[in-house]
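Commentary on secondary and tertiary structure
In case you want the letters, here they are:
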Amino acid sequence: TVGASVAPPLPKAKQYFVGVNGAQTGPFDVAQLQAQIAAGSFHRDSLIWCEGMPAWVKASEQSELLSLFAVMPPPLPPQ
């Protein structure tokens, strides 16, 4: 039909790769990274890379992921 509006495609969720013990894992979306934080397998010092990045960086250096760490509880005190 003439003049019918078609919605633009949804933006593709950003996919991140994570370095674990020297091996590349992923890709993971933000929800999967959040689940890994909860499981204790992904943290601020984890190395990440996604399309468009020139090199691997610590997760804490990626502004788009900082909010994931804001909800992380502090470590338990030693007993």
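Our subject in this report is the structure included herewith. (Residues numbered from 1 in each chain as written. Predicted model: local features only at pLDDT ≥ 70, side-chain atom pairs only at ≥ 80, totals over all residues. Heavy atoms only, no water.)

**Some remarks on the sheet that holds strand β1 (residues 16-20)**
Pairing in this open sheet of four strands is antiparallel, and the strands run β2-β1-β3-β4 from one edge to the other. Across the chains shown, the open sheet's two edge strands, defined by having one partner strand only, are β2 (23-28) and β4 (57-58). Sheet topology places strand β3 (residues 47-50) next to β4; two bridges connect them, and they run antiparallel. Counterpart to L47 in the pairing with β4 is K58. (Pairing = 2+ DSSP bridges. Helix = DSSP H or I, 4+ residues; strand = E, 2+ residues; numbered from the N terminus.)

**Some words on the pattern of salt bridges**
For the coordinates displayed, the defined rule picks out two salt bridges. Two residues, E64 and K14, come together in a salt bridge whose shortest N-O distance is 3.0 Å. In this pair, E64 sits in the loop between β4 and α2 (66-70) while K14 sits in the segment before β1, placing the two residues 50 residues apart along the sequence. Accessibility expressed as a relative area gives 42% for E64, which makes it partly exposed. Here K14 falls in the partly exposed class, since its relative accessible area comes to 34%. A salt bridge links D45 to K58; its shortest N-O distance comes to 3.9 Å. Residue D45 is found in the loop between α1 (30-39) and β3, and its partner K58 is found in strand β4; the two are separated by 13 residues along the sequence. Judged by its relative accessible area of 47%, D45 falls in the partly exposed class. Classification of K58 by relative accessible area gives partly exposed; the value is 37%. (Salt bridge = Lys/Arg side-chain N within 4 Å of Asp/Glu carboxyl O. Buried < 20%, exposed > 50% of the residue type's maximum accessible area, 1.4 Å probe, protein only.)

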